[in-house]
Amino acid sequence: VRDVLCLKQWYQRRVREGKKILRAREAQIVENDKQTMILKGVKTSGMVNDVLADMFKIRRQNAVMMSKANSFLPFEDSQSLVDLLVKKDTSLFLFGSHNKKRPHNLVFGRTFDGKILDMLEFGMTGFKKLCQFKQPKIPLGAKPCLIFNGDMFERYPEWGVVQNYFCDFFCTTKTSSINLQGLEYVLSLTAVEPNILLLRSYEVNM
């Protein structure tokens, strides 16, 4: 009888825990800040690793860095990746990899309701780490001012998706007002024909 009671109590506890997890995943009236998962593929390059590390520094308040290498192929079979995102309760991701066909490769993506909403793939040709610039570190929780340069963001729908995604990625917390004294850095994204995106970071001195 004791074993049966213990089993019943364990089952009830597991049911309560499961319901709590499901409620947390339901749509909320006021959504939580969007979380980002940063992860790498089986093979990466030094440049890819540096980018992932710096992106984590910028997003560290609302991001999780996965240290284990993953065999995901986001554009071929995304279900394993989606399952991991749901498990960690993250809706945005950045996946870095490197191979002969796609050198220094980054895939930015986001999900909605447990499904891939969109993915953006970029191949890097040049990168400088944050530590190479002689300036103070970005404070925890600081929100960047995003500047999108070029009319391609308005002329082409695919570039509009790029603009919308990076607004999600870098500005996950919605604000109703801006304190100019708290504006500490700017991220400039420039669209260059035919398919080049330049990303630069600037410190703001008021």
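Residues numbered from 1 in each chain as written. Predicted model: local features only at pLDDT ≥ 70, side-chain atom pairs only at ≥ 80, totals over all residues. Heavy atoms only, no water.

Asks: What's the story with helix α5 (residues 157–170) in this structure? I'm lost.
Replies: In an α-helix there are 3.6 residues to a turn, and that puts residues three or four apart on one side. Over its 14 residues, α5 runs 20 Å from end to end, which matches the ideal 20 Å to within 8%, given 1.5 Å per residue. Regarding α5, the residues found buried are W159, V162, Y165, F166, D168, F169 and F170. (Helix = DSSP H or I, 4+ residues; strand = E, 2+ residues; numbered from the N terminus. Expected span 1.5 Å × (residues − 1). Buried < 20%, exposed > 50% of the residue type's maximum accessible area, 1.4 Å probe, protein only.)

Asks: What is the right way to look at the packing of aromatic side chains in this model?
Replies: Geometry of an aromatic ring pair is reported as the spacing of the ring centres plus the angle between the planes. Taken as a whole and assessed by the stated rule, the structure comprises twelve aromatic pairs. Their ring planes at 45 degrees and their centres at 6.2 Å tell us that F122 and F166 sit as a pair that is tilted. Of this pair, F122 sits in strand β5 (residues 115–123) while F166 is found in helix α5, placing the two residues 44 residues apart along the sequence. F166 shares its class with F122; the two are buried. Ring geometry for F166 and F169: centres 6.5 Å apart, planes at 80 degrees, overall edge-to-face. You can see F166 and its partner F169 sitting in helix α5, three residues apart, about one turn around the helix. Of the two residues, F166 and F169, neither departs from the other in class, the shared state being buried. Members of the aromatic cluster, each reached through a chain of ring pairs, are F108, F122, Y165, F166, F169 and F170. Taking NZ or CZ as reference, R59 lies 5.5 Å from the ring centre of F169, over its face. (Phe/Tyr/Trp six-rings, centres within 6.5 Å; stacked < 30°, edge-to-face > 60°. Lys NZ or Arg CZ within 6 Å of the ring centre and 35° of its normal.)

Asks: How should I be thinking about the sheet that holds strand β8 (residues 196–203) in this particular structure?
Replies: Either a parallel or an antiparallel arrangement is found when strands of a sheet pair, and the pairing is made through backbone hydrogen bonds. With mixed pairing, the three strands of this open sheet are ordered in space as β6-β7-β8. Of all the strands in the sheet, just β6 (145–149) and β8 have a single pairing partner and so form its edges. Each strand axis lies, on average, 20 degrees off the axis of its neighbour in the sheet, ignoring direction. Examined bridge by bridge, strand β7 (residues 185–192) and β8 share eight bridges and lie antiparallel to one another. Residue pairing in the sheet places V192 in a bridge with I196 of β8. Where α5 meets the sheet, it contacts β6, β7 and β8, and its direction lies at approximately 170 degrees from that of β6. (Pairing = 2+ DSSP bridges. Axes fitted to C-alpha atoms, helices over the stretch in contact; angles between N-to-C directions. Contact = heavy atoms within 4.5 Å.)

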